[in-house]
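Topology and contacts: notes
Read off the chains here:
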Amino acid sequence: MWPINLAQRRRLKSLLNTSLEAHSLSGEMRNLNEARRKEVLRPVLLAAKAANQIVVKRCCTRSRIAGVRPDMTLALAKALVPEAHVGLFDGTQDFNALKKLASKLLFFSPLVAIDTELWLAKRQSTLNEASPLSYGLLLDLTGTEKLHKMRLHSAQEDPSEELLEEIALKFSAASIEARLAVAPTIGAAWALSRFSRQKITSLSGSLSKSELSDALEHLPVQALRIPDEISLALAKIGITAIGQLLKLSKKSLGLRFGIQLVRRIDQALGSVSENAYYLKPQKKVIHRQEFDTPITKQEQLQSVTLKALQNVLGKLAERDEKPLTIYIRFDGFGVERQVIEREISLLSATREIKQLQSIISPIIEKVRFREGARSVTLLAPQTQMTRDKQVPFIQNGPGSSEEFSELEEKRNELLNNLTVRLGKKRLKKAVFNNSYLPERSFSYVPIDQSDKNGASVPLVFLKNQAPYLLETPEPIQAIAMLPDKPPSWIKWRDEKLFVVRGFGPSRISDEWWRSTLPRQDDARDYFRIQDQNGRWLWVFRNGTMQWFVHGLWI
Amino acid sequence: MNSSLTNSPLTTCLKDGRVWVAESPGITLPQVKESYSANFTERAPFKISAIDNELQGGGIQCGQLHEWFGATAWGTSSWDTSRPPLTILASLFGNLISNCTEERKGFSKVILWIGKECWPSPYLLAQCHGSALFHNSLLQSSLFIDPAGSESRKWCFETALRSPAVAAAVCYLKGVNLTLSRRFAIAAKMGGALGALIRPEKESGLASAAATRWIVRSVRSPTPHPRWELNLLKQKGKQPNRASWIIESHEEQKISLHIPSDVADQSRAEEKIKKSA
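Chains are numbered independently. Their residues run from 1 in the order of the written sequence. Following the order in which they are written, the chains are lettered starting with A and the ligands numbered starting with 1. Only residues with pLDDT of at least 70 get local features here, since the model is predicted, and only at 80 or more are side-chain atom pairs given and counted; chain-wide, interface and lining totals rely on the full set of residues. Side-chain numbers here rest on the full set of heavy atoms in the structure, without hydrogens or water.

All names here are of chain A. Note: two strands are recorded as paired if DSSP finds a minimum of 2 bridges between them. The secondary structure listing takes helices from DSSP runs of H or I that are at least 4 residues long and strands from runs of E that are at least 2 residues long, numbered from the N terminus. Read from one edge of the open sheet, four strands run β11-β14-β12-β13, paired in antiparallel fashion. The strands lining the two open edges of the sheet, one partner per strand, are β11 (285-295) and β13 (339-345). Averaged over all adjacent pairs, the angle separating strand axes in this sheet is 15 degrees, with direction ignored. Across seven bridges, strand β12 (residues 321-332) lies against β13 in antiparallel orientation. Looking at β13, one finds that R329 is bridged to E341. Each axis is a line fitted through C-alpha atoms, taken for helices only over the stretch in contact, and angles between the N-to-C directions span 0 to 180 degrees.

Here's what the structure looks like:
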């Protein structure tokens, strides 16, 4: 991405700004809807940890009506809306989703930008503190009118309204709550998209400065993208709307409230230029080869794929990239027009042709054409930048850094091999979670998942745990002579076990803060018992006096 | 060394002894390489001298296939519940890593646990070797794989053994015949990984190409620590004087295996077991 100076272009601009204030919420809501379709939709809160307490970062309209406000502690918010669903707020994840959305909007304009404030927050890695107002996208529609007119078969001179409706429809189809505004300056478009009463506002066409200030004058001063301190200071002297501000002289405003306020006014009215960080659309590397005569032989298919792969890798190398996903498509010959598509997603990007070949050739081996293939297309939809490392000059025996990098390469090769054959979800790593309950205290997560919730170090090291835990505790029959003593006899998986030794109980109480139901006494009493054959088991009795086996010492 | 450098004038000078590696004065490059390879054989010792002395190479060697018969089963015959001896394996692998880190300054290979039956709790791994903080601890090097179906599991085990990036791989498989076990053994030899194949106890009579075969049974312990009887059924190349031991796992700060003091005289322990049986 790179900043473009808009003022350098002389034409009158038409800029579309979309406000996606509820961006973070709608993502969570979509997940929730998919997970629990049957359930009546509950209010949604997104919370994150801030200064040793969990605070609400985003709240939906229903919870806002109930009195929940951002930066309120979660405990207080849950008291106001007890039925609310609480999700984790993750600024980085939301930013990435927004970026993805921006790349989809490239369909409407070649210049799509993420809000500057948000972009700066990303740079300073303060995304979690970014205001929801800064979630938005900017599209420069200047000069695209003719194209859209042709595409939409519009009879009007300016098709921007039809275009806006189309974009709004696209957003609502994807259940994204968006407010749209078109204006000649970035500042005005920002203000109208955030604070206008209508969901869609259009100020396109030739507008003079006074017409623009007329459109903005009823909006609150916050619409000028000024910090809260300045808007509070303005409110103290009774200035709440932009119209009031515009009547005052710039000089006095600058002296009293700082240069930022004056710059923001000028930006909104177009007296001063403004930069935006536009996304850089990148062309995908693709190689397509058509054959004069259809090819059917396995060796030929292998060799053409290898050639295509070499070609794509060569093109990627020019851009300092290596493929992470490879997509291959064979078009068949004849009446049937058989199409065979394969997508290979690797765990770690590589440009080693031998490694890629060893992964791809077993896949090509299974490709069968009745009437031969007509063409092959190979492209790399996902890529990664290469970071070249300096190779050490002299090897000092095993353990040197060169051997490590070689091992790393071999490890990546193995992981790629396993991923392509088994799928990413079947390769797991272990992470610890913040919980006391044995089955919740750790989890096996896909290897490429970032440690968002889990950590590689346990928060509470639960000692004396069985080295192997059953996936879910299995119910057993048990006889215990005394309530707080280990059982003397159990029956598990049709086998009767006589307990010869037992230790316990050690009590683990239920995590009441997790359940939405009224509190139940679900404390577990864990016992470590040995049966007549010397095998050790980890059993527990729950609040309803039922016995379960949870782990084994094996 | 980089292949392009192999025949360079510098390498020739190094070979001739005209240029020395700065870090180890007096030793030329080929000597350095040889001395490393001569002293270093990757192995996973029990760190119990009574057992390690009986084993070829002083431990469970890498680059070989080792079979473990999970006799610690639960449930009647309708349940297939042979269990891999996870505590013993995890502590062996912990010893393997600490051996590597002592001798070679670093460890960057991976350990694969193939099949959900063989997934130990991360607490066990964290207690067996190293702090969970370090990237080369047993837990951080471990990778858990869940292949669908036994064919996929076999492929996965073989691929893992063949890769030089794997230090050890554990897999639970039923119905492994001699041909397949030979394939695994060759793969392990090629890749240099320690292959731990877990099989049901009833298959202990079948022929196989494994270097060692072990059977592990739980035994009653008078202490609060779990105890196992370890039987070495077969070892290629060296006939052990004794092939049966009783070991106990202690879990204080770290999990460690010991021969319990009350059965330190193993012959008496064996008599005891015979009597009790």
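Before going further, it helps to examine the packing of helix α12 (residues 250-257) of chain A against helix α13 (residues 259-269) of chain A. Residues and elements named next belong to chain A. Where α12 contacts α13, the axes come no closer than 6 Å and their chain directions differ by 135 degrees. When the axes of α12 and α13 are compared, the pair comes out oblique. Facing α12, whose interface residues are K250, L253, G254 and F257, α13 presents I259, L261, V262, I265 and D266. Of the residues contributing to the contact of α12 with α13, the split by class is six nonpolar, one polar and two charged. Any angle between 65 and 115 degrees counts as roughly perpendicular, while under 35 counts as roughly parallel, over 145 as roughly antiparallel, and the rest as oblique. Here, two residues are considered to be in contact whenever any of their heavy atoms come within 4.5 Å of each other. Amino acids outside the nonpolar list (Ala, Val, Leu, Ile, Met, Phe, Trp, Tyr, Cys, Pro) and the charged list (Asp, Glu, Lys, Arg) are all regarded as polar, and Gly is one of them.

Now for the side chain of A:Q267. Residue and element names in this part refer to chain A. Turning to its location among the elements, Q267 is positioned in helix α13. Relative accessibility thresholds used throughout: buried, under 20% of the residue-type maximum; exposed, over 50%; partly exposed, between the two (1.4 Å probe, protein chains only). A residue is classified by how much of its surface remains accessible, and Q267, at 9% relative accessible area, is buried. Polar contact is the term for a pair of N or O atoms within 3.5 Å; when the atoms are in protein, one must be able to donate a hydrogen and the other to accept it, and sequence-neighboring residues count only if both atoms are side-chain atoms. One polar contact links Q267 to R264, side chain to side chain, over a distance of 3.0 Å.

All names here are of chain A. Following G504, the chain continues into P505 via a peptide bond in cis, with omega recorded as 0 degrees. Structurally, P505 can be placed in strand β19 (residues 495-508). Unlike most non-glycine residues, R493 shows phi in positive territory, near 50 degrees. Relative to the elements of secondary structure, R493 occurs in the loop between β18 (489-492) and β19. Here the phi dihedral of D494 falls at roughly 65 degrees; this positive angle occurs in a residue that is not glycine. Following the sequence through the fold, D494 ends up in the loop between β18 and β19.

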